[in-house]
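Observations on the model geometry
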Amino acid sequence: AKTLRLILGDQLNHHHSWFNKKDNEVTYIIMEVMQEQQYVKHHIQKIIGFFMAMRNFAEELRNEGHQIIYFRLDDEDNQQNFKENLKNLIEKLSIEKFEYQLPDEYRLDQQIKEICENLEIETQVFDTEHFYTSREDVKDFFKGKKQYLMESFYRDMRKKHHLLVDNKLEPFGDKWNFDHENRKKYDGKYPLKAPLLFKKDVSDIVKLLDDLKVDYFGNIKPKEFPYPTSRKEALKVLKYFCDELLPSFGRYEDAMLKEHHTLFHSCLSFSLNLKMISPKEVVDQVIDTWQANKKEIDIAQVEGFVRQVIGWREYMRGIYWDQMPAFASKNYLDNKTKLPSWFWDGKVKMNCLKYAINNSLDHAYAHHIQRLMVIGNFALLIGANPNEVDAWYLGVYADAVEWVQITNTRGMSQFADGGLIGSKPYVASANYINKMSNYCSGCKYDKNLRHGDKACPFNSLYWNFYIKHEDKLKKNARIGMVYRLLEKMDKSEIDTIVNQGNHYLSNLNSL
Ligand code: FAD
Ligand code: SF4
């Protein structure tokens, strides 16, 4: 039967079994549509990264002999949404069967199901053949549990897939987790490497977006677009990571530095999330590199990385499918504060936030600890509305697709799920930021002060947060220590801190 197969922008999996065979009866459709530019305001580099990767993917498939229809955003017959475009094509090409791959986003999953229900032809859905796990695996694994402990899922994955375990399924290095060895400030012992950048000219797509008045934000150098946008380039990023960065990945995983925004991180999330490469090939290549270089690379570096990919990444996806759509409106702490304006222009004096926000605006990237312990930490301490926090994170990062963004943001970072993902809120005062970075030196604020003109806002906001949420947090055994410290504090000291915190809360735009 004449078949139409839909490929979404984050389904660029060259190894999918769909492509094993060339078939004149099958036409593939890939489309740039306004619908996807508008559900949230995106960073310009995110939009361009997706478009370039989609265009390259279409070109590669066409060169291999597949029949491809590609809608550019400015094509005349582009109706700018999936529904109309599909309807028109099915009619025009006399299509008898429609096929698609499981969308990873709830919104699109619903939409395409609905489109199928209204079609009069046969439809069929296929797996994306990308992840280690199915949508339901995490849900089944944690059936009946109140908290979803990532570590137990991760160990199960190691055993199930025989990764970094011996024949008796015991972990290499005699430990499942080397996290406590992986929390070093950058001390200069291992030299930093520049990230691998591609520097492509994307001026034509910038012009396209401007001509069509697409509403975007963030910065771009149109002649030096850095992202990998083909499988070939994604594989180069993977090789560069294995050769140059893996030897120090775990050690400095939580470190932050003014002078360097990627440190030893892989920068693979964009390539992975668009499925240009698979988690299995990433993990296999990392483990092979380690096995061939055990003298230079120790297990702690490799285990730390493997945990992120087979643990956190698969776990977050499973939580998403278990918890959506209710997850998207969770707000356990009832937070309502509006995000300050400098989230969009980077004009903030607090040094740590200045670097973390400007990294995000300049590169559509920030590494995990900047996202979690600087930006997310601040948003939670001010009681930011999780809807706004989600929209910002979903827009700003090139790797942001909802299944992995919302679970990290609303769940892990904002505690809006009340502790399903993290057993306590990820909040910290200046002490932590100073321990892990060099941001505090040269900052307008003093990391050691809790009140007074120069007091670091993180300090008063930190105590304010715990005081405000005492009823919900005091009973949490992992937080007991904080409340014991508060009980020992002088009443007048507490009042001064609270006043200081409230002063900052009323002046968020001028921090
Ligand atoms: P590396 O540090 O090199 O890690 C390797 C890979 O592990 C990543 O590419 C990623 O695929 C995976 N990984 C690491 N941590 C996580 C995690 N917590 N959850 C899922 N996968 C993980 N990641 C996204 O891909 N998209 C997002 O939109 C996103 N939003 C986030 C929002 C917040 C508030 C937080 C705290 C984290 C978010 N993350 C997100 C997770 C993580 O920060 C990024 O995956 C990582 O920074 C990407 O950079 P990298 O490829 O250099 O990662
Ligand atoms: Fe950030 Fe406070 Fe340190 Fe300044 S002093 S960099 S605001 S933690």
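Residues numbered from 1 in each chain as written. Chains lettered and ligands numbered in written order. Predicted model: local features only at pLDDT ≥ 70, side-chain atom pairs only at ≥ 80, totals over all residues.

**Re the overall build of the protein**
Heads up, the rule is: For helices the rule is a DSSP run of H or I covering at least 4 residues; for strands it is a run of E covering at least 2, with both sets numbered from the N terminus onward. For the radius of gyration, the atoms used are the C-alpha atoms, and the globule rule reads 2.2 Å times the number of residues raised to 0.38. Exposure is read from a count of other C-beta atoms within 10 Å of each residue's own; the residue is exposed at 12 or fewer, buried at 20 or more and partly exposed in between. C-beta atoms are placed from the backbone. Residues are scored as being in contact if the C-beta atoms we place from backbone atoms lie within 7 Å.
For the protein, the count of helices and strands is 21 helices and five strands. A compact globule built from 511 residues should have a C-alpha radius of gyration of about 24 Å, and the protein, at 24 Å, falls within 12% of that. Projected onto its principal axes, the C-alpha coordinates of the protein cover approximately 80 × 55 × 50 Å. Taken across its 511 residues, the protein has 44% of its residues classed as buried. Put simply, of all contacts in the protein between residues at least 6 apart along the chain, 76% involve residues at least 24 apart.

**What about the site of ligand 1?**
Worth spelling out the cut-off: Being near a molecule or strand means, for a residue, that its C-beta atom, positioned from the backbone, comes within 6 Å of it. Boundaries between domains were set according to an automatic or database domain assignment.
Around ligand 1 there are 27 residues in total, and His-265, Ser-266, Gln-308, Ala-400 and Gln-405 lie nearest to it. In terms of residues, the shell around ligand 1 owes the most to one element, helix H16 (residues 402–413), which gives six residues. Looking at which domains feed residues into the shell around ligand 1, each of domain 2 (137–323) and domain 3 (342–510) supplies at least three.

**Quick word on the site of ligand 2**
For clarity, the threshold we go by: Residue classes follow a fixed rule: Ala, Val, Leu, Ile, Met, Phe, Trp, Tyr, Cys and Pro count as nonpolar, while Asp, Glu, Lys and Arg count as charged, and any other residue, Gly among them, counts as polar.
Around ligand 2 sit 13 residues in total, of which Met-350, Cys-352, Cys-440, Cys-443 and Cys-456 are the nearest. Going through the elements one at a time, helix H13 (351–363) and helix H17 (430–436) are the ones with two or more residues in the shell around ligand 2. Considering each element in turn, the shell around ligand 2 owes the most residues, three residues, to H17. When the residues that make up the shell around ligand 2 are grouped by side-chain class, the tally is 10 nonpolar, two polar and one charged.

**Notes on the sheet that holds strand E3 (residues 67–71)**
Stated formally: Here, a strand pair is defined by DSSP locating no fewer than two bridges between the strands. Lines fitted to C-alpha atoms define the axes, with helix axes restricted to the stretch in contact, and inter-axis angles between N-to-C directions lie between 0 and 180 degrees.
The strand order E3-E2-E1-E4-E5 describes an open sheet built from five strands, whose pairing is parallel. Of all the strands in the sheet, just E3 and strand E5 (122–126) have a single pairing partner and so form its edges. Averaged over all adjacent pairs, the angle separating strand axes in this sheet is 25°, with direction ignored. When strand E1 (residues 3–7) meets strand E4 (residues 97–101), the two strands line up parallel, connected through four bridges. Residue pairing for E4: Thr-3 is matched across the bridge by Lys-97. Strands strand E2 (26–31) and E3 of the sheet are contacted by helix H2 (residues 44–63), whose axis makes an angle of about 160° with E3. Here helix H3 (residues 82–92) sits on the sheet in contact with E1, E2, E3 and E4, set at roughly 155° to E1.

**Examining the nonpolar core**
Stated formally: By definition, a nonpolar core groups buried Ala, Val, Leu, Ile, Met, Phe, Trp, Tyr and Cys residues that connect through C-beta atoms lying within 7 Å of each other.
Val-286, Leu-353, Leu-381 and Ile-433 are the most contacted members of the largest nonpolar core, which has 132 residues in total. Top element by residues in this core is H2. It accounts for 11 residues. The contacts of Val-286, once residues within four sequence positions are left out, are Cys-242, Leu-246, Val-302, Phe-305 and Val-306.

**Regarding the packing of helix H18 (residues 457–468) against helix H21 (residues 491–505)**
Test applied: The labels follow the angle: roughly parallel below 35 degrees, roughly antiparallel above 145, roughly perpendicular from 65 to 115, and oblique for the rest.
Axis separation between H18 and H21 bottoms out at 8 Å; the angle between their running directions is 110°. With respect to their mutual orientation, H18 and H21 come out roughly perpendicular. Of the residues in H21, those in contact with Pro-457, Ser-460, Leu-461, Trp-463, Asn-464 and Ile-467 of H18 are Ile-497, Val-498, Gln-500, Gly-501 and Tyr-504. Its residues assigned to classes, the contact of H18 with H21 shows seven nonpolar, four polar and no charged.

**Some thoughts on the pairing of E2**
For a regular strand, the rule is simple: side chains alternate between the two faces of the sheet. In this structure, E1 lies alongside E2, joined through five bridges in parallel fashion. Looking at E2, one finds that Leu-4 is bridged to Thr-27.

**What about the environment of Gly-250?**
Residue position: Gly-250 is located in the loop between helix H8 (231–245) and helix H9 (269–273). On the neighbour-count criterion, Gly-250 (27 C-beta atoms within 10 Å) is buried. When the C-alpha positions of Gly-250 and Lys-207 are compared, they lie 41 Å apart, and in sequence the two are 43 residues distant.

**Concerning the environment of Tyr-332**
Residue position: Tyr-332 is located in the loop between helix H11 (299–323) and helix H12 (342–345). On the basis of neighbour counts, which here come to 17 C-beta atoms within 10 Å, the residue Tyr-332 falls in the partly exposed class. Note: C-alpha distance between Tyr-332 and Pro-457 (125 residues apart in sequence) is 24 Å. Among all residues touching Tyr-332, those that are not within four sequence positions of it are Phe-415, Ala-416, Asp-417 and Gly-418.

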